[in-house]
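This is what each chain is made of:
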Amino acid sequence: MRDLNADPGGLSRDILDWYDRQARDMPWRTGPADRAAGVRPDPYRVWLSEVMLQQTTVAAVTDYFQRFTARWPRVEDLAAAEDADVMAEWAGLGYYARARNLLKCARVVAQELDGTFPDSYEALLKLPGIGPYTAAAIASIAFDRPETVLDGNVERVMARLHDIHEPLPGSKPLLKDRAAELTPEVRPGCYAQAVMDLGATICTPKSPACGICPWREPCAARIAGTAPELPKKTPKKAKPTRHGIVYLARSSAGDWLLERRPDKGLLGGMLGWPGPEWGESPQPAPPFDADWQDLGAEVRHTFTHFHLILRVMVAELPEGFAPAEQQEIITRHAFRPSDLPTAMRKAFDLWRGGQTGGD
DNA sequence: CACACGTGGAC
DNA sequence: TGTCCAAGTGT
């Protein structure tokens, strides 16, 4: 029986033993054989995976990670990529500021740091898109530094292990202290991934599998019977509903009129359909005068902080139409719906669903 | 500190 | 259908 307060080293050994038995396969991880041979994971791949995993599930990330690393195998390759290509490859993954910062960071590393990622928490933290979590993750996983990661999993595991009832986010500093006490000097990267794996597979938000948890004996919340209700969180605001109108203009040849959205703000840097800003009651703002047809059905989409209802209008793009500054005419051949953020892709899907056949 | 910032899966 | 949630960061 481990004593939580007297034997922190015992706890880290218990979870590392558990981790070594799991062998959860992910394309950015090194296998047990590589680890035994002292092979470190590629910092570029660790960085890329950690940025993709911010607020995003392993299942959603895996295919994106494979496509990115196949297309841009090294940080220099990514740094040399066109912005539009990277944004298109990121489309559908969400939180698009991550993709913009990813490129900024790649260019700093490639052009100012000789293609080498910094190996310390403090230096990593200075780079775009790398915050406290990601800096600690890269430093520990790629560079074997005993930094403490604090993500949603670690917060939940620590809150339960110590039966902490103070709500998030106020309890964050306390949870970080508790997590730091357990971080070992040996294999800190494996330890970090082990605690996150524990949170993802056993110490889950609902119905935690305490019976098979490597930390079931020292866990204060399991003993108190409070594990499923931890961590407490301050209540969140209700989501308002916004409305919008999008204008799908297609030429007789099948080319589409799209707009590159400004870098800042919602869906920043992504392609989208022309239309007014979304709000209470958006005013019609067609990109040109035409006999715009209302598709009738509406697009419904929920963002982090509001619901969206979109009307979809369609017209033929006039021959010789001159696109405005931020607009692009994308040829039928070059247009891929998967390059669009999901709300915009849903508008296209609505149009496509109304097409009877042929094309 | 509070808020903006996506998406899709689970229940 | 609605709510919660996932390996957070920037402002």
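- An unreviewed UniProt entry lists chain A under the name Adenine DNA glycosylase, with Phaeobacter gallaeciensis given as the organism.
- For the record of chain A, the UniProt heading Sequence similarities (unreviewed entry) holds the text "Belongs to the Nth/MutY family."

1. As for the pattern of salt bridges
Part 1: Under the counting rule described, the total for this entry stands at 19 salt bridges.
Part 2: Arg40 is the salt-bridge partner of Asp144, the closest N and O atoms lying 3.9 Å from each other. One end of the pair, Asp144, is in the loop between helix H9 (132-143) and helix H10 (152-161); the other, Arg40, is in the loop between helix H2 (32-36) and helix H3 (43-52), with 104 residues separating them in the sequence.
Part 3: Given the relative accessible area of 42%, Arg40 is considered partly exposed.

2. Here's the deal with the packing of helix H4 (residues 58-71) against helix H6 (residues 83-90)
Part 1: In the contact formed by H4 and H6, the axes pass within 10 Å of each other and the chain directions differ by 155°. Between H4 and H6, the interaxial angle falls into the category roughly antiparallel. Taken as a pair, H4 and H6 cross one another with a handedness that is right-handed. Of the residues in H6, those in contact with Tyr64, Arg67, Phe68 and Arg71 of H4 are Asp85, Val86, Glu89 and Trp90.
Part 2: Broken down by class, the residue content of the contact of H4 with H6 amounts to four nonpolar, no polar and four charged.

3. A word on the protein's contact with DNA strand B
Part 1: Tyr96, Leu267, His301, Thr304 and Thr342 are the nearest of the 18 residues found near DNA strand B.
Part 2: Restricting the count to atoms of DNA strand B within 4 Å of the protein gives a sugar and phosphate share of 60%.
Part 3: Thr56 is positioned with one of its side-chain polar atoms (N or O) 3.0 Å from a base nitrogen of DNA strand B.
Part 4: Contact distances for DNA strand B include 3.2 Å between a phosphate oxygen and a backbone N or O atom of Leu266.
Part 5: Those elements that place two or more of their residues in the surface near DNA strand B are strand S4 (293-302) and helix H14 (342-354).
Part 6: Grouping the constituent residues of the surface near DNA strand B by class yields eight nonpolar, ten polar and no charged.

4. Here's the deal with the UniProt feature "domain: HhH-GPD" (unreviewed entry) in chain A
Part 1: When the UniProt feature table is mapped onto this chain, "domain: HhH-GPD" (unreviewed entry) is found at residues 52-201.
Part 2: The span residues 52-201 is 64% helix and 0% strand, and its two end C-alpha atoms sit 19 Å from each other.

5. Observations regarding the packing of aromatic side chains
Part 1: Counting across every chain of the model gives 17 aromatic pairs.
Part 2: For the ring pair Phe68 and Trp90, a centre distance of 5.7 Å and an interplane angle of 90° mean the geometry is edge-to-face. Taken together, the positions of Phe68 in helix H4 and Trp90 in helix H6 put the pair 22 residues apart, joining distant regions of the chain. Side by side, Phe68 and Trp90 carry an identical accessibility label, which is buried.
Part 3: Chaining the aromatic ring pairs together yields one cluster made of Trp256, Trp273, Phe335, Phe348 and Trp351.
Part 4: When the ring centre of Phe306 is taken as reference, the NZ or CZ atom of Arg242 above it lies at 3.9 Å.

6. Things to note about the protein's contact with DNA strand C
Part 1: In the vicinity of DNA strand C lie 25 residues, with Gln55, Gly129, Asp151, Asn153 and Pro205 positioned nearest.
Part 2: Within 4 Å of the protein, the contacting atoms of DNA strand C are drawn from sugar and phosphate to the extent of 70%.
Part 3: Breaking the surface near DNA strand C down by element, the ones donating at least two residues are H9, H10 and helix H12 (188-201).
Part 4: Classifying every residue of the surface near DNA strand C by side-chain character gives nine nonpolar, nine polar and seven charged.

7. Let's talk about the domain arrangement of chain A
Part 1: Split into domains, chain A comes out as domain 1 (8-229) and domain 2 (241-354).
Part 2: Taken together, the contact between domain 1 and domain 2 spans eight residues of the former and twelve residues of the latter.
Part 3: Between domain 1 and domain 2, the buried area comes to about 760 Å², and carbon and sulfur atoms account for 54% of it.
Part 4: There are zero salt bridges connecting domain 1 and domain 2.
Part 5: Seen at the junction of domain 1 and domain 2, the total is two residue pairs in polar contact (both at pLDDT 80 or more).

8. So, the environment of Pro205
Part 1: Of note, Pro205 is situated in the loop between H12 and helix H13 (220-224).
Part 2: With 44 residues separating them along the chain, Pro205 and Ala249 place their C-alpha atoms 45 Å apart.
Part 3: If near-sequence neighbours (up to four positions away) are discounted, Pro205 is found in contact with Arg156, Arg160 and Pro228.

Definitions and limits used
- Here, residues in each chain are numbered from 1, in the same order as that chain's written sequence.
- Lettering for chains starts from A, numbering for ligands starts from 1, and both go in the order in which the items are written.
- Under the rules for a predicted model, residues below a pLDDT of 70 receive no local features and side-chain atom pairs below 80 are neither given nor counted, while totals for whole chains, interfaces and linings still include all residues.
- As a rule here, side-chain values cover all heavy atoms of the structure and leave hydrogens and water aside.
- UniProt positions are given in the numbering used here, feature names are shortened, and annotations may be inferred rather than shown by experiment.
- We define a salt bridge as a contact between a side-chain nitrogen of Lys or Arg and a carboxyl oxygen of Asp or Glu at a distance within 4 Å.
- Only DSSP runs of H or I with at least four residues qualify as helices, and only runs of E with at least two residues qualify as strands; both kinds are numbered from the N terminus onward.
- Whether a residue is buried, partly exposed or exposed follows from its accessible area with a 1.4 Å probe, protein chains only, as a fraction of its type maximum: under 20%, in between, or over 50%, in that order.
- Note on geometry: axes are lines fitted to C-alpha atoms, helical ones only across the stretch in contact, with angles between N-to-C directions running from 0 to 180 degrees.
- The labels follow the angle: roughly parallel below 35 degrees, roughly antiparallel above 145, roughly perpendicular from 65 to 115, and oblique for the rest.
- Crossing handedness is defined as follows: a turn of the near helix away from the far one that is anticlockwise and smaller than a right angle gives a left-handed crossing, while the clockwise case is right-handed.
- Contact criterion: two residues are considered in contact whenever any of their non-hydrogen atoms come within 4.5 Å of each other.
- When residues are sorted by character, Ala, Val, Leu, Ile, Met, Phe, Trp, Tyr, Cys and Pro go into the nonpolar class, Asp, Glu, Lys and Arg into the charged class, and all the rest, Gly among them, into the polar class.
- We call a residue near a molecule or strand when any one of its heavy atoms sits within 4 Å of it.
- Polar contacts, as counted here, are pairs of nitrogen or oxygen atoms within 3.5 Å of one another; within protein the pair requires one atom able to donate a hydrogen and one able to accept it, and residues that are adjacent in sequence qualify only if both atoms are side-chain atoms.
- To pair, rings of Phe, Tyr and Trp, with the six-membered ring standing in for Trp, must have centres within 6.5 Å; the planes then decide the type, stacked if under 30 degrees apart, edge-to-face if over 60, and tilted in the middle.
- Whether a charge sits over a ring depends on NZ of Lys or CZ of Arg being within 6 Å of the ring centre and within 35 degrees of the ring normal.
- What fixes the domain bounds is an automatic or database domain assignment.
- Buried area: the accessible area, evaluated with a 1.4 Å probe, that two parts lose upon being put together, summed over both parts.

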